[in-house]
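Report on the structure
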Amino acid sequence: MKIGVVGAGAMGAGIAQVVASHGHDVVLADAQPAAVARARDAHMKNIGRLVEKGRLRLEEANAIFPRITYVEGVDTPDLESFADCGMVIEAIIERLEPKQALLRALESVVSDSCVLASNTSSLAIAALAGACEQPERVLGVHFFNPAPVMPLVELIPSIVTDNAITMRTRNLVNGWGKTTVIAADTPGFIVNRVARPFYGEALRILEERIADAATIDWAMKELGGFRMGPFELMDFIGHDVNFAVTRSVFDATFGDPRYRPSITQQRLVEAGMLGRKSRRGFYHYENGSMRAPEPTRDQRIGQAILDRVLAMLVNEAVDAVALGIASAEDVELAMTTGVNYPKGLLAWGDEIGAKEVLSRLEALHTVYGEDRYRASIALRRAAATGAKLLT
């Protein structure tokens, strides 16, 4: 099957590399010639590095490049390049209207059996599918950056997606060596919804001057076992991207205070302090290395920070299952493989105990009086009955 990818940015180029590495012919297109050139260069560099490290044989690498056709321009006349594709994945700008327009244009070119997929991280799949004449063949196929490295792919069918197409797509993506989970078409899907407190609560702790960014990062890494602290990770992702996802989830949930964006992060975006890519965010970056102040290694303060953020994360994971966003197994898999959490949040909640998690949330609610700290009804039931969160 030939696979099309529209959008040759970091995500689109990464997806094309994954697909071509697993034997598919790929059409990779972008409206900007410079983006196509960068993608071609990135493929040469990345695949060459794999050969150098012994992870790919030279003959295998040489077979990958001829499979990728690079196309400059994605206006309607140029979409003919996708006519014989069995699937086309769009990975263009994260805005609804351009994605809808692209999917409509693709429908006029591809066959009736072609699957149309979106790599959106937060937009409603139903809204994308609703722009098409055959909405049943549209679904979300959300890779994580960098696509060749990160194992998780969220599959998001809309309320009208044909289940056979979802299952066929799952088998296809699993064949690319990826770990797939099924998420409901809800704001943020699994990872970007459940992970919001990791950033949002850390930002609130900073704004309240309970601790500085370096200390919060230290607490989450050294005491919690997270691979990166929230501020280090936001700098790595890019504040423009992270803030946009938070804003999208907040707006899509009609202003749920759990997902309220931070003014502190908004100011960083407005000032162009986007993190690593601009060499300044919460930390400074020079020649690829991070300069950060020494954290305050106070065990008591660090534990309070970890307990607070972790209670919010566990509550979010419990709610995701209770609301049917995903199965318990897929929530655990998504958070450990998608954002490399040290443990599944439901299992972690069972270690802490549902009663203790609830107690932490109720204490926060008492102090702040905000619905932001409301406990999931499923957490309350587990605390009352002694039931496990991961069942």
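This text goes with the structure placed above it.
Residues numbered from 1 in each chain as written. Predicted model: local features only at pLDDT ≥ 70, side-chain atom pairs only at ≥ 80, totals over all residues. Heavy atoms only, no water.

For the structure shown, the criterion picks out 8 aromatic pairs. Linked through ring pairs, Phe198, Tyr199, Phe226, Tyr341 and Trp348 together constitute an aromatic cluster. Here the basic side chain of Arg40 rests over the ring of Tyr70, its NZ or CZ set 4.6 Å away from the ring centre. Just above the ring of Tyr368 sits the side chain of Arg204; from NZ or CZ to the centre is 5.6 Å. (Phe/Tyr/Trp six-rings, centres within 6.5 Å; stacked < 30°, edge-to-face > 60°. Lys NZ or Arg CZ within 6 Å of the ring centre and 35° of its normal.)

This part covers unusual backbone geometry. Excluding glycine, most residues fall at negative phi; most peptide bonds, likewise, are trans. Cis geometry is adopted by the peptide bond preceding Pro146, which originates at Asn145 and carries an omega value of 0°. In this model, Phe189 sits at a positive phi of 55°, which is unusual for a non-glycine residue. Note that Phe189 resides in the loop between strand E8 (179–182) and helix H7 (191–194). For Phe189, a relative accessible area of 0% puts it in the buried group. For Arg209, which is not glycine, the phi torsion reads 60° and is therefore positive. Locating Arg209 in the fold gives a position in the loop between helix H8 (196–207) and helix H9 (213–223). (Helix = DSSP H or I, 4+ residues; strand = E, 2+ residues; numbered from the N terminus. Buried < 20%, exposed > 50% of the residue type's maximum accessible area, 1.4 Å probe, protein only.)

Attention shifts here to the pairing of strand E1 (residues 3–6). Of the two faces of E1, both are covered, the one formed by Ile3 and Val5 as well as the one formed by Gly4 and Val6. Bridge analysis of E1 against strand E2 (residues 26–30) gives 4 bridges, and the strand direction is parallel. Bridge assignment links Val6 to a residue of E2, and that residue is Ala29. Where E1 meets strand E4 (residues 87–90), 4 bridges bridge the pair, whose relative direction is parallel. (Pairing = 2+ DSSP bridges.)

Moving on to helix H4 (residues 96–107). With 12 residues, H4 should reach 16 Å at 1.5 Å per residue; the first-to-last C-alpha distance of 17 Å fits that figure. When we look at burial in H4, the residues that qualify are Lys99, Gln100, Leu102, Leu103, Ala105, Leu106 and Glu107. Buried residues along H4 sit in contact with E1, E4, strand E5 (115–118) and helix H5 (125–129). (Expected span 1.5 Å × (residues − 1). Contact = heavy atoms within 4.5 Å.)

What the rule picks out here adds up to 0 disulfides. The closest cysteine sulfur to the non-disulfide-bonded Cys114 is located on Cys85, 6.4 Å from its own sulfur. Here Cys132 stays unpaired: no disulfide links it, and the sulfur of Cys114, its closest cysteine neighbor, is 11 Å away. (Disulfide = S-S within 2.5 Å.)

A few words now on the sheet that holds strand E6 (residues 138–143). Pairing is mixed in the open sheet, where 8 strands are placed in the order E3-E2-E1-E4-E5-E6-E7-E8. At either margin of the open sheet sits one strand with a lone partner, and together these are strand E3 (68–72) and E8. Recorded for the sheet is a direction-independent mean angle of 25° between the axes of neighbouring strands. Along the sheet, helix H2 (residues 33–52) makes contact with E2 and E3, crossing E3 at roughly 160°. Docked against the sheet, helix H6 (residues 163–174) engages E1, E4, E5, E6, strand E7 (152–157) and E8, running at close to 160° with respect to E8. (Axes fitted to C-alpha atoms, helices over the stretch in contact; angles between N-to-C directions.)

Mapped onto the fold, Gly224 is located in the loop between H9 and helix H10 (230–237). With 79 residues separating them in the primary sequence, Gly224 and Gln303 have C-alpha atoms 8.6 Å apart. When near neighbours in sequence (up to four residues on either side) are disregarded, Gly224 contacts Ala219, Leu306, Pro342 and Trp348.

Okay, the environment of Arg374 next. Relative to the helices and strands, Arg374 is located in the loop between helix H16 (354–368) and helix H17 (377–385). We classify Arg374 as partly exposed; its relative accessible area is 25%. Spatially, the C-alpha atom of Arg374 lies 9.3 Å from that of Leu358, the residues being 16 residues apart in sequence. Residues in contact with Arg374, not counting those within four places in the same chain, are Asp256, Arg258, Asn315 and His365. Among the polar contacts listed, one links the side chain of Arg374 to the side chain of Asp256, at a separation of 2.6 Å. (Polar contact = N/O pair within 3.5 Å; in protein donor to acceptor, adjacent residues only side chain to side chain.)

Moving on, we come to the packing of helix H1 (residues 10–21) against H2. Following both chains from N to C, one finds H1 and H2 inclined at 50°, their axes separated by 10 Å at the closest point. Here H1 lies oblique to H2, going by the angle between them. Remark: the crossing between H1 and H2 carries right-handed chirality. Residues Ala13, Ala16 and Gln17 of H1 pack against Ala39, His43, Asn46, Ile47 and Leu50 of H2. Grouping the constituent residues of the contact of H1 with H2 by class yields 5 nonpolar, 3 polar and no charged. (Parallel < 35°, antiparallel > 145°, perpendicular 65-115°, else oblique. Left-handed = near helix turned anticlockwise from the far one by under 90°. Nonpolar A, V, L, I, M, F, W, Y, C, P; charged D, E, K, R; others polar.)

Here the focus is the pattern of salt bridges. By the definition in use, this model includes 26 salt bridges. We note a salt bridge from Lys99 to Glu90, for which the minimum N-O separation is 2.8 Å. Side by side, Lys99 and Glu90 carry an identical accessibility label, which is buried. In this structure, the salt-bridge partner of Arg380 is Glu362, at a minimum N-O distance of 2.9 Å. On the criterion of sequence distance, the pair formed by Arg380 in helix H17 and Glu362 in helix H16 is long-range, its members being 18 residues apart. Among the residues examined, Arg380 registers a relative accessible area of 35% and is labelled partly exposed. (Salt bridge = Lys/Arg side-chain N within 4 Å of Asp/Glu carboxyl O.)

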